[in-house]
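Read off the chains here:
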Amino acid sequence: MAIHPVPQARQADPPSAVDGPWRDTSLSPEERVADLAARMTLEEKSAQLYGIWVGADAEGDGVAPHQNDMVDPIDFDDITTRGLGQLTRSFGTAPVDAGVGAVSLARAQARIVEGSRFGIPAIAHEECLAGFTTLGATAYPVPLAWGAAWDTELVAEMAHRIGSDMRSVGVHQGLAPVLDVVRDLRWGRVEETVGEDPYLVATVATAYVKGLESAGIVTTLKHFAGYSASAGARNLAPVRAGSREMADVILPPFEMAVRDGGARSVMHSYAEIDGVPVAADPSLLTGLLRDTWGFRGTVVADYFAIGFLETLHRVAADRGDAARVALTAGVDVELPTVRSYGDALVAAVRDGLVAEELVDRALHRVLLQKCELGLLDPDRQVLPPVLDGVDPERARGTVDLDPPRNRALARQLAERSCVLLANSGGALPLSGTGRIAVVGPRADDPLAMLGCYSFPSHVGVQHPDAPMGIEIPTVLESLREEFPGAAIDYAQGCDVDGTDAEGIEAAVALAAGADVCVAVLGDRAGLFGRGTSGEGCDVTDLALPGLQGRFLDTLLATGTPVVLVLLTGRTYALGGWADRLAGCVQAFFPGEEGGPALAGVLSGRVNPSGRLPVGVPQGTGGQPWTYLQPPLGRANGVSNLDPSPLYPFGHGLSYTSFAWEPGPDVPAELPTDGETELAITVRNTGDRDGAEVVQLYVHDPVAQTTRPEARLIGYARVPLAAGESRRVGFRFHPDLVSFTGTAGHRIVEPGDLELRFAASSDPADVRHTVRLRLTGPERTVDHRRRMVCETSVDAPLAQK
């Protein structure tokens, strides 16, 4: 690439005094930041635009591919004389006691403050996808399980707890949630997503954002944007999504989280979209995100992504040029450690290759965020809250990041996320008596409960001598606790993804002599090929990993009723077994309390209410497919391949039954800018308490572009005691059915609609249809449109 000089910014000596109006808390943040920035040298400015990862290993392979190529040796005391923007994963790089970690972080901050001219602390960031990613912190269910719970209030409460724990030890920023919409189940990071529907992803992830921000943590949306739409489901592969797919599927979750969630940071994705890396795309990072949506926070780089502009994407010639490209696009902070935004950037500015105005623009955003966090205040809190009154030398063992209230919340979310896929002949719940064979590679492994960003899976596996840090009951242990009167025997049978079949015979013999067999199969979360699910663990098809499919066949051949329990990070093809299983329960890495939650579902102590956030395929080659398909994407007469799922998005069974009764009629016509109330009454007609998930879909029979057969626009989780009824209201506004028209902008189009109350996305599961016609002119709408279908669940009606 040719490098073109830019007009060099006027060099002026900054004021020599470090004290000034920027320390005055009575002034506006803008005034304080302007004064501070004017006092900084170019080196001090650039230092605020990068983090350092003092725990990173520059010699070995590290956590991720290319890490050893990107990490330069760092002298902490030398580099921090200029100040520092961020500290990377002080807690999440190696096993460290939380109290010791808090002391270590506080001492690192003190060195930064004392060693630099302005004495400004760094922003400390950590991963927090399924809990605070550090030793001993609560491991909650993964985001795919949040989607399966269809419960935004519970997700918001979980996020607030995560944020409170992080803030208590001195962390400022969390790298979560993931707002990528699943486009292909073969992608390894499906477990990190909320699901395949943009409305479900948007509402659940925005709830997480609100919860984390309410605890004072800067939430970081990722991965903006298009990352999940990679070609062939390969991690970090090119994205070839069209403009409508981007506008109508990929971007809405980010829109909602920025506008309604109040997220203060965005992490750009590694993706290249139609040949342009996102880190080099000002139309996304500045034009859309800032100029259109009004985002005012910081854009941070995904780890090493600025360097990738030079080494992988090859749109930059060297480190300084990579800095120019990224700063021009709108990337404010280089993470996880300095490579391009340090000396290389300073030299490029002085050589006239990068305009200093770009440095100043990013600096302004970073300092405003530090001002919001109180890091510019003269009376800022020096020690994190957990160290108040604690002798730093005796801090070990004083901080509990997994208290009982966290575990109770983790249990509740795990229970609500379990999906009962099938229950042939009422085999479930189990009686809890007789002889139960528990088999499978996921039955007695604590790590079976955890996703790849949980600390034990993400970091702990690299430190085999370190303790796990939290108690994680296995399915086997939990079933023995749940069924004290049953004779429960165990055999592993096979590995998750190995080829050793030696143990299958013993497990099959155990199953043959049992009254019922519980087969616990699934994934092992890992990173970059070290697991069957997780970042960089993409798959060629959707067959159960390793020998597990063969193992299941042999179990079914015994004639013993087999209940399949799946602990996975994606869904797998089950069509070959669906009509032979006695029952099937799907759990998506349900966290530290997943074992007891599953045992409760199998015993009936917990009435399952989870619903699928992604479909379950019929055959191993029936994907990529999501339910958001226009007519040509569905089963039809022009292809012999039927991509229809075995179990559709939104599917889930219960141990009770529900009846749906339509509410009052609505007007047959509604203006394109009008709104109306839709209602349905749900009654629990069984003898067990339970919860139904009412889903509202739109079907657009004729439109100016092809439309999905159905698209989710609202939902409500409705708890009901046995015999109880509740009225559920949906506030419908035509903005909810807007889409990108032929002219390339979002519209509300007049015409006929069907609003379907349904138990899943499958047309066969529609319980009631409201037909109405939108009248009046075609309306153009934007990010200020009505994005959420407000719902209300009335108090219970009299039992019948």
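Residues numbered from 1 in each chain as written. Predicted model: local features only at pLDDT ≥ 70, side-chain atom pairs only at ≥ 80, totals over all residues. Heavy atoms only, no water.

Caption draft 1: Main features of the sheet that holds strand β22 (residues 711-720). Here we have five strands laid out as an open sheet, ordered β19-β27-β26-β21-β22, and mixed in their pairing. In this open sheet, the two strands that pair with only one neighbour each are β19 (669-671) and β22. Neighbour-to-neighbour, the strand axes of the sheet open up by a mean angle of 25°, direction not taken into account. Where strand β21 (residues 690-699) and strand β26 (residues 751-758) come together, five bridges link them in antiparallel fashion. Residue pairing for β26: Q695 is matched across the bridge by A758. (Pairing = 2+ DSSP bridges. Helix = DSSP H or I, 4+ residues; strand = E, 2+ residues; numbered from the N terminus. Axes fitted to C-alpha atoms, helices over the stretch in contact; angles between N-to-C directions.)

Caption draft 2: Quick peek at the packing of helix α9 (residues 243-250) against helix α10 (residues 252-259). One way to put it is that α9 packs onto α10 with a least axis distance of 6 Å and a crossing angle of 45°. What the angle tells us is that α9 and α10 run oblique. Where α9 abuts α10, its residues M246, A247, D248, V249 and I250 lie against P252, P253, F254 and E255. Counted by class, the contact of α9 with α10 contains seven nonpolar, no polar and two charged residues. (Parallel < 35°, antiparallel > 145°, perpendicular 65-115°, else oblique. Contact = heavy atoms within 4.5 Å. Nonpolar A, V, L, I, M, F, W, Y, C, P; charged D, E, K, R; others polar.)

Caption draft 3: View of unusual backbone geometry. Geometrically, the link from A176 to P177 is a cis peptide bond, its omega value of 5° lying close to zero. Within the element layout of this structure, P177 appears in the loop between β4 (173-175) and α8 (198-214). A cis amide bond, omega -5°, links F224 with the succeeding residue A225. A positive phi angle, close to 50°, is found at R89, a residue other than glycine. Assignment of secondary structure puts R89 in the loop between β2 (86-88) and α5 (98-115). Note on R89: relative accessible area 4%, which makes it buried. At F304, a residue that is not glycine, the phi angle is positive and equals roughly 70°. Turning to its location among the elements, F304 is positioned in the loop between β9 (298-300) and α12 (305-311). In this structure F304 comes out as buried when scored by relative accessible area, which is 7%. (Buried < 20%, exposed > 50% of the residue type's maximum accessible area, 1.4 Å probe, protein only.)

Caption draft 4: Looking closely at the sheet that holds strand β1 (residues 51-52). Pairing is parallel across the open sheet formed by seven strands, whose spatial order is β1-β2-β3-β4-β5-β6-β9. The strands lining the two open edges of the sheet, one partner per strand, are β1 and β9. Of the strand pairs in this sheet, β1 and β2 are connected by two bridges, and their pairing is parallel. Paired with I52 across the bridge in β2 is L87.

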